Amino acid sequence: MALHTFDPWLPEDWSGPVVQKIQQLSAIEALARREPMSTQSKHVPRSGGMGMDILARGDAYTEDSNTDDEVLLTAQKFGRAISLAEEDLADSANLVNILDVKRLDWATSYAKAFDNACIGTNAAQSVAADRPFTSLYRTVRTSDSGMGYTADANYVLAGDNLGAVTFTDAGDIVTFNQPHGLVIGDRVVPGTITSTTGITAGTTYYVLTVPSTTTVTLSATLGGSTLALTTNGSAISMTNLGVTYSSLSRVVGLYEQGDWFDPSMTAVIAAPSFKQYVRDVKDTQQRPIFQEGIGGQDDLLFGYPVRWSLGARVSSAASPAPSGNPLLVIGNRDLLIVGDRSGPESFVADGATGVGFSTDETKLKVRARRAFAVGAPQGFAVLEAAA
């Protein structure tokens, strides 16, 4: 006779609350192409494309020189266990509800952490450092010689280059060559600086006052003291860090101009904080670029459907509550590849007979085993808004 018997892992039903919660909160789970996995890893072919010639009668066909390769999916485990005291469970008439609530709590955390792992982690893959995959953000910001992609080619830091400026010691004035459109509290970053000290290239400053349409004074902090500029000088550029029509249009254009553009498969994934940025933005003909969905329809940005994700923020490690800069990603959803090894699924070990026998505790474990890879970096463009 076996000393221990355990029930198997029980998969969550597709139409059940756990899976539906994940589908609601995880843009990647909802949008990505699925690859079933029966083992820990799987190689997925990646086409290098194929050209075409126009041939006259009798012309020989040209052998295509594009190189195919593959992406490697490696499943990682997203799980958590919890102990529930048998006394507490015995006192409750809603045991099933308690377990279901915990499963839903796990689903909420998983959906956000999984999106963050797939979208926003900013360093190389390292399971030990809680970076289970190479994220979209990391992919777009890293060169890929096999795909002929150069780092940051499809990356945009939100803001507009307002052109060269001059610095005046007397009055600590920054002067633009044309109307700047800045208001008090806007964030700006100077480029390479000549002569003037007290201000540093590449550092974020805040607009403190706006004496005229072409001048401002700055502060090192929001609402702080005037930044003291010593010696007249200049900077080759001054960038407004706000999310503007120009930066939004540019990131969409980078994707639309690529070979992987497919309007039928295009989707936008963005941190919800982008809503405040895009609601009032209009194009050059004063038409809003963002339309909020009505009656269950998708929100639209430049006519493309938007999925909001709390995981769409920059993070050094995958987290259900990332706090880095918000991200907006546009791309071909067919190039988001998710490997399904198993789950979401749960396992309950009863306190009367299971592993919690000696402590009168019922153990609940919930997990999903997933892999993720980006099919081609050129299939996406990323906009980062400085927090």
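None of these values were measured; they are calculated from a predicted model. (Residues numbered from 1 in each chain as written. Predicted model: local features only at pLDDT ≥ 70, side-chain atom pairs only at ≥ 80, totals over all residues. Heavy atoms only, no water.)

**Q** What's the story with the environment of Ala-373 in this structure? I'm lost.
**A** Here Ala-373 lies in strand E22 (residues 361-374). The spatial distance from the C-alpha of Ala-373 to the C-alpha of Thr-192 is 37 Å, given a sequence separation of 181 residues. Once you skip the residues sitting within four places of it in the chain, Ala-373 turns out to touch Val-71, Leu-72, Leu-73, Leu-335, Leu-336 and Ile-337. (Helix = DSSP H or I, 4+ residues; strand = E, 2+ residues; numbered from the N terminus. Contact = heavy atoms within 4.5 Å.)

**Q** Any chance you could explain the pattern of salt bridges here in plain terms?
**A** Opposite charge on two side chains permits pairing when their charged atoms draw close. Scanning the model with the defined rule gives twelve salt bridges in all. Between Arg-141 and Asp-152 there is a salt bridge, with its nearest N and O atoms 2.7 Å apart. Residue Arg-141 is found in the loop between helix H5 (136-140) and strand E6 (155-157), and its partner Asp-152 is found in the loop between H5 and E6; the two are separated by eleven residues along the sequence. Because the salt bridges share partners, they merge into one network encompassing Glu-29, Arg-34, Asp-340 and Arg-370. (Salt bridge = Lys/Arg side-chain N within 4 Å of Asp/Glu carboxyl O.)

**Q** Sorry if this is basic, but what is going on with the sheet that holds strand E12 (residues 205-212) here?
**A** Each strand in a sheet pairs with another by means of backbone hydrogen bonds, the pair being arranged parallel or else antiparallel. Reading across the sheet, the nine strands line up as E7-E15-E10-E12-E13-E9-E8-E14-E11 and stay open at both edges, with antiparallel pairing between neighbours. Two strands in the sheet have a free side with no partner beyond their single neighbour: strand E7 (160-161) and strand E11 (193-194). With two bridges connecting them, E11 and strand E14 (residues 233-235) associate as antiparallel partners. By the bridge assignment for E14, Ile-193 is matched with Ala-235. (Pairing = 2+ DSSP bridges.)

**Q** Would you mind showing me how to read the sheet that holds strand E18 (residues 299-301) here?
**A** With respect to topology, seven strands assemble into an open sheet ordered E6-E23-E20-E16-E19-E18-E17, the strand pairing being mixed. With partners counted over all chains shown, the strands left at the sheet margins are E6 and strand E17 (290-291), one partner each. Bridge analysis of strand E16 (residues 266-270) against strand E20 (residues 327-332) gives five bridges, and the strand direction is antiparallel. When the sheet's bridge partners are listed, Ala-267 is paired in E20 with Gly-331.

**Q** Mind showing me how you'd approach empty space enclosed by the protein here?
**A** Any empty space left between atoms is shown by rolling a water-sized probe over those atoms. For the structure on display, the rule yields one cavity of 30 Å³ or more. As a volume, the largest cavity reaches approximately 40 Å³. Lining the largest cavity, in full, are Ala-267, Ile-269, Val-329, Ile-330, Gly-331, Asn-332, Arg-333, Leu-336 and Phe-380. Secondary-structure elements contributing two or more residues to the lining of the largest cavity are E16 and E20. For the lining of the largest cavity, a count of residues per class yields six nonpolar, two polar and one charged. (1 Å grid on protein atoms, 1.4 Å probe; cavity = no way out; pocket = protein on both sides within 12 Å on 5 of 7 lines; lining within 4 Å. Points joined across faces, edges and corners; volume = space filled by probe spheres on them. Nonpolar A, V, L, I, M, F, W, Y, C, P; charged D, E, K, R; others polar.)

**Q** Please clarify how helix H1 (residues 17-25) should be interpreted in this entry.
**A** Side chains that are three or four residues apart share a direction in an α-helix, a result of its 3.6 residues per turn. Among the residues making up H1, those that are buried are Val-18, Val-19, Ile-22 and Gln-23. Along the long axis of H1, the arc covered by the buried residues comes to 135°, so they all point the same way. The exposed set on the far side of H1, more than 90 degrees from its buried face, consists of Pro-17 and Gln-24. (Buried < 20%, exposed > 50% of the residue type's maximum accessible area, 1.4 Å probe, protein only. Arc of directions from axis to C-beta.)

**Q** Explain helix H6 (residues 245-256) to me, please; I cannot follow it from the model alone.
**A** Spanning twelve residues, H6 covers 16 Å between terminal C-alpha atoms, matching the ideal 16 Å at 1.5 Å per step. Those residues of H6 that fall on the buried side of the exposure criterion are Ser-247, Leu-248, Val-251, Val-252, Gly-253, Leu-254 and Tyr-255. (Expected span 1.5 Å × (residues − 1).)

**Q** Sorry, what's going on with unusual backbone geometry here?
**A** Note: most peptide bonds trans; most residues except glycine with negative phi. The step from Gly-343 to Pro-344 runs through a cis peptide bond, and the omega angle for that step is 5°. With respect to the secondary-structure elements, Pro-344 resides in strand E21 (residues 336-349). Of note, Thr-231 is a non-glycine position whose phi angle comes to about 75°, a positive value. Of note, Thr-231 is situated in the loop between strand E13 (215-219) and E14. The exposure class assigned to Thr-231 is partly exposed, which follows from its relative accessible area of 38%. Phi is positive for Gln-286, which is not a glycine, with a value near 65°. Residue placement: Gln-286 occurs in the loop between helix H7 (274-278) and E17.

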